[in-house]
Every structure is written in C-alpha cells, then in structure tokens.
Amino acid sequence: MGKKRRLRLGVTTRREMKGYLFILPWLVGFGIFFAYPMFQSFIYSISSVRITAKARIVKPVGFDNYVYIFTKDIYFVERLRAFFLNTIFSLPVILVFSLMIAMLINQKIKFKGFFRTLFFLPIIVVSGPVLERLISEGATTIPMIEQYGVYDIINEVVPYMLVEPISYLFSQLILILWYSGVPILIYLAGLQKIDINLYEAALIDGASSWVVFWKITLPSLKGIILINAIYTLVFLGTSEINEVIILIKNNMLNPNTGFGIASAMAWTFTVGLGLIMVIIYFIGGREKPAVVQKKLPAKKPEKKAKKILPVRG
C-alpha cells in the first residue's frame, strides 16, 4: 500500500510539473516584457529621470509629476478629457454597427467569405503612417456633412459640453466604421454558436423577428458584447493617432520633462481606461447569480382513519 501511494503521488507531481513547464514560457515573457516594464514605469512616474552620457539618474520626487501634469501642463488634461468623451460616443456606434453587419453576413447569402474579407481589410491595410496620411487628406470625413452645414446645426442645437464629441463623431465617421473589422468577426463567432432550434421554436410560437432579436440573440451575445467593448476600448486607447499617446511620446523625448512626466501621464491614462472597463463590466458584463430554491421534503400522505362500524347484534 505504501509503494502504491508513493507511485500515485509521483504521477500527480509529474503531471503538475508538466503543466508548469507548459506555462513557463508565458510566465517568463509576462515577467520580462510586461511586469518588469510596468514596475519600472511606475518608479519613473514618481521620480525625476535624467539621462546623461554616463548613466541614467533616477531621483525620487514623490507625486510631483502627477501634480505637474494636472496643474501646469496645458495639454494633457484637455486631451485626456477629449479622448474619453469621444470614446463614450464612438464606442456604442462601433458596437452597434458591427452587430448589424455581422447579422447581415451571418445570413444564407452568396460570397459570405468575400464580405467578411471586405469589412476586415481596412484593419490590415490601414497602418499608422497610412492612417495619418488619410486623415490629413480628409479621406476619413464625409464631404456632404460640411456642405449641408451639419456642424453649424450641431453648434446651435446640441449643448455646449456635447458639441465636441458629436462633431468628432461626424467628422471621423468613416474612420470609426473602419474600426469595426475585428468586432464583426467576433460577433460572427458568437452568432454561429447560438442554437438554431431556439429560433425555430420561437417562430413556431408566433414570435416576431424583433422579439427573437431581443429575447434570444441579444442575451446570447452578452459576453461577446463585453469582449468587443473592451477590445475596442483598448484599440482606441493604444491607437497611433490617439492624441494622448502622441503627447506621452513627445514628453518622453523632451529633455525638460523626460521619462518621469511621460510615465505619470501613461499611468493616469491607464487608470482611466481601467475605470471605464470596470464600468462597462458592471453595466453589461456581470452575470446575475442564479437563485437556487431549496426543495422542501415531500410530505408523506396522511393515513385516513378507518371508520369503526357499530357491531350489530
């Protein structure tokens, strides 16, 4: 019995070691390329970093860098506010447009693969320099919007706080739709996993297409919508045309600010993105716990009392 127990423990240990060996490359890569740079950037954000010909001088300054970017820098707060406002308006448009296109492509139509490639192609073709050139040439705007004075109408009708994000939404409408390539593919994967029998049963019961969408399709895609929302948010936040990212790069190469100020900006921007992700999760991604009702023990049937008949003499 003792030998069998030792052998069993040895097999279990070997299996665990194999699992650790499989994830070891990921752990090493995570530590070298993610965890250590994150820790180093946080140290830089609370330090004054100067790079000389001989060495890199890091001097702790506390939270002075954060105070500087919020009180003395004239660009960071404004660009940060503009990014989050524009994202709040752009994100629903991208998610809704992607879902509509995915539902259309998911139908039984010819050349389905061609349409998938067509909507995904801008993600591959449009890189950073190409995208910057297209924006500078006005290729991401719709000329008819300016001709018919849509911006003037927005300035007159829309409240002042919402003028900038709504104007951005119209001015970069084509660019926003270009960001829908990956969400469309993710939606397609989710739509193809929905059981067809659910649709057939609902239609047999007399449900309309609108009811089927709200009662079957949308609840089934709840997790997919959360994934697309987080992916799109990260994609917009790390885009090369993001004004906040451009400002961080410029401060990093500026000898007057350097890595300290740039790291403080990067951490502030990262925390802001994280808070939005948490809000998105609590709005649409949190699963409600299932209510488990305890079954009461079945009552035993009561025995009926036997009637005692009077004895007749």
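Residues numbered from 1 in each chain as written. Predicted model: local features only at pLDDT ≥ 70, side-chain atom pairs only at ≥ 80, totals over all residues. Heavy atoms only, no water.

### Things to note about the overall build of the protein chain
In plain terms, the rule: Strands here mean DSSP runs of E at least two residues long; helices mean DSSP runs of H or I at least four residues long; both are numbered from the N terminus. Working definition: with a 1.4 Å probe on protein chains only, accessible area under 20% of the residue-type maximum means buried, over 50% means exposed, and in between means partly exposed. Contact definition: two residues touch when any of their heavy atoms are within 4.5 Å. For every accessible area listed, the method is Shrake-Rupley and the probe measures 1.4 Å; residues are considered covered only by the protein chains on display.
A tally of regular secondary structure across the protein chain gives 15 helices and 2 strands. The 313 residues of the protein chain split such that 29% are buried. A separation threshold of at least 6 residues defines the contact pool for the protein chain, and within that pool the share at least 24 residues apart is 70%. With an accessible surface of roughly 23100 Å², the protein chain has 68% of that area assigned to carbon and sulfur atoms.

### Some points on the environment of glycine 223
Assignment of secondary structure puts glycine 223 in helix α13 (residues 222-237). Glycine 223 gets classed as partly exposed once you look at its relative accessible area, which sits at 38%. When the C-alpha atoms of glycine 223 and tyrosine 281 are compared, they prove to be 9.8 Å apart, with 58 residues separating the residues in sequence.

### Observations concerning the pattern of salt bridges
So the rule is basically this: Salt bridge, as used here, is a side-chain nitrogen of Lys or Arg placed within 4 Å of a carboxyl oxygen of Asp or Glu.
Across all of its chains, the model carries 2 salt bridges by this definition. As a salt-bridge pair, arginine 81 and glutamate 78 come within 2.5 Å of each other at their nearest N and O atoms. Linking arginine 81 with glutamate 78, this pair stays in helix α3 (residues 76-105), spanning 3 residues, or about one helical turn. Exposure remark for glutamate 78: the relative accessible area of 40% places this residue in the partly exposed category.

### A look at helix α10 (residues 181-192)
Heads up, the condition is: To estimate how far a helix should reach, multiply one less than its number of residues by 1.5 Å.
A rise of 1.5 Å per residue sets the reference length of α10, with its 12 residues, at 16 Å; its end C-alpha atoms lie 17 Å apart and thus fit the reference within 8%. Gly181, Val182, Pro183, Ile184, Tyr187, Leu188, Gly190 and Leu191 are the residues of α10 that are buried.

### Details of the pairing of strand β1 (residues 47-51)
Put simply, the test is: Pairing between strands is defined by DSSP: at least two bridges between the two strands are required.
Bridging between β1 and strand β2 (residues 56-60) involves 5 bridges; their strand directions are antiparallel. Bridging across to β2, isoleucine 51 finds its partner in arginine 56. The antiparallel pairing of β1 with β2 creates a hairpin that spans 4 residues between the two strands.

### A look at the confidence of the model for the protein chain
This is how it is decided: For every residue, the predictor reports its confidence as pLDDT, a number between 0 and 100.
Considering every residue of the protein chain, the mean pLDDT works out to 78; 74% of them sit at 70 or more. Across residues 289-295, where pLDDT falls below 50, the model places 0 contacts with residues more than four positions away in sequence or in other chains.

### Structural notes on the packing of helix α11 (residues 196-204) against helix α12 (residues 209-220)
Using the following cut-off: Here, axes are lines fitted to C-alpha atoms. For helices the fit covers the stretch in contact, and angles between N-to-C directions go from 0 to 180 degrees. Between 65 and 115 degrees an angle is taken as roughly perpendicular, under 35 as roughly parallel, over 145 as roughly antiparallel, and anywhere else as oblique. Crossings are sorted by hand: turned counterclockwise from the far helix by less than a right angle, the near helix makes the crossing left-handed, and turned clockwise it makes it right-handed. Gly is put with the polar residues, along with every residue not named as nonpolar or charged; the nonpolar set is Ala, Val, Leu, Ile, Met, Phe, Trp, Tyr, Cys and Pro, and the charged set is Asp, Glu, Lys and Arg.
At a closest axis distance of 11 Å, the pairing of α11 and α12 adopts a crossing angle of 150°. It follows from the interaxial angle that α11 and α12 lie roughly antiparallel. Here α11 and α12 pass one another in a crossing that is right-handed. Contact residues: Leu198, Tyr199, Ala202 and Leu203 in α11; Val212, Ile216 and Thr217 in α12. Residue classes in the contact of α11 with α12 are distributed as 6 nonpolar, 1 polar and no charged.

### Section: helix α14 (residues 243-252)
For clarity, the cut-off: Our arc is simply the arc of the directions from the helix axis toward the C-beta atoms. Two N or O atoms form a polar contact when they lie within 3.5 Å of each other; inside protein one atom must be a possible hydrogen donor and the other a possible acceptor, and for residues adjacent in sequence the pair counts only when both atoms belong to side chains.
The complete set of buried residues in α14 reads Val244, Ile245, Leu247, Ile248 and Asn251. One face of α14 carries all of its buried residues, which in axial projection span an arc of 160°. A side-chain oxygen of the first residue of α14 lies 3.2 Å from the backbone nitrogen of valine 244; this N-cap is asparagine 242.

### Quick look at the packing of aromatic side chains
Stated precisely, the cut-off is as follows: Pairing of aromatic rings covers Phe, Tyr and Trp, the last through its six-membered ring, and needs centres within 6.5 Å; plane angles under 30 degrees mean stacked, over 60 mean edge-to-face, and all others mean tilted.
For the coordinates displayed, the defined rule picks out 15 aromatic pairs. Pairing phenylalanine 63 with tyrosine 66 gives two aromatic rings, centres 5.9 Å apart and planes at 50°, and the pair type is tilted. A relative accessible area of 58% places phenylalanine 63 in the exposed class. Members of the aromatic cluster, connected to one another through ring pairs, are Trp26, Phe30 and Phe34.

### What about the packing of α3 against α13?
The interhelical angle for the contact between α3 and α13, taken along N-to-C directions, is 135°, at an axis separation of 10 Å. In this view, α3 runs oblique relative to α13, as classed from their interaxial angle. The chirality of how α3 crosses α13 is right-handed. When α3 is examined against α13, the residues Phe83, Thr87, Leu91, Ile94 and Leu95 are found in contact with a partner set consisting of Asn228, Ala229, Thr232, Leu233, Leu236 and Gly237.

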